[in-house]
Amino acid sequence: MKFEFNSSEPIYRQVAEQIEDAIASGGFEEGSQIPSTTEISKEFHINPATVLKGMNIAVSKNLIEKRRGLGMFVQAGARKRILSEKRSDFFDDFVENLVREAQNLNISEDELLALVKRGYQQ
């Protein structure tokens, strides 16, 4: 985990995003326990309440679950849900804008696909 303390994005949101990214990348596998609020707060010098607020976002998104007396665990299907949401966001944030800009530049669909393929080759 890495936090940007000078960022305009609140730390608790960064905590939630770091947990989500770790699940998506396989760093935290489904069913596994994630570090505790105390462990994260001590390691990164973050207020435990801030860490808990970020964890609660992940709980509300059904990515992790609290097990009384045991800690926080990655829920089954969490990685699939994250990747699905990220793919949807990718389309909304990048693909639509890419297509719109290509149309503004009179780039045909075939030309655009060729450019994307060229990008994959590099």
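Below, the structure is looked at part by part.

Conventions used here
- Residues numbered from 1 in each chain as written.
- Predicted model: local features only at pLDDT ≥ 70, side-chain atom pairs only at ≥ 80, totals over all residues.
- Heavy atoms only, no water.
- Buried < 20%, exposed > 50% of the residue type's maximum accessible area, 1.4 Å probe, protein only.
- Helix = DSSP H or I, 4+ residues; strand = E, 2+ residues; numbered from the N terminus.
- Arc of directions from axis to C-beta.
- Contact = heavy atoms within 4.5 Å.
- Expected span 1.5 Å × (residues − 1).
- Polar contact = N/O pair within 3.5 Å; in protein donor to acceptor, adjacent residues only side chain to side chain.

### Notes on helix H2 (residues 37-44)
Here's step 1: Among the residues of H2, those classed as buried are Thr37, Ile40, Ser41 and Phe44. Along the axis of H2, the buried positions cluster into a sector of 95 degrees, meaning they face one direction only. In H2, the exposed positions angled more than 90 degrees off the buried face are occupied by Lys42 and Glu43.
Here's step 2: Each element contacted by the buried residues of H2 is listed here: helix H3 (48-60).
Here's step 3: Positive phi appears at histidine 45, one or two residues downstream of H2, with a value of about 55 degrees.

### A look at the side chain of threonine 37
Here's step 1: Mapping threonine 37 onto the fold places it in helix H2.
Here's step 2: Excluding residues within four positions of it along the chain, threonine 37 makes contact with Pro48, Val51, Leu52 and Met55.

### Notes on H3
Here's step 1: Between the first and last C-alpha of H3 there are 18 Å, a value that for 13 residues agrees with the 18 Å anticipated at 1.5 Å per step.
Here's step 2: For H3, the set of buried residues is Val51, Gly54, Met55 and Ala58. Viewed end-on, H3 has its buried residues packed into an arc of 100 degrees, placing them on one side of the element. Counted as exposed and oriented over 90 degrees from the buried face of H3: Ala49 and Ser60.
Here's step 3: Residues of H3 that are buried in the fold lie against helix H1 (11-25), H2, strand S1 (64-67) and strand S2 (71-74).
Here's step 4: With a side-chain oxygen lying 2.7 Å from the backbone nitrogen of alanine 49, the N-terminal cap of H3 falls on asparagine 47.

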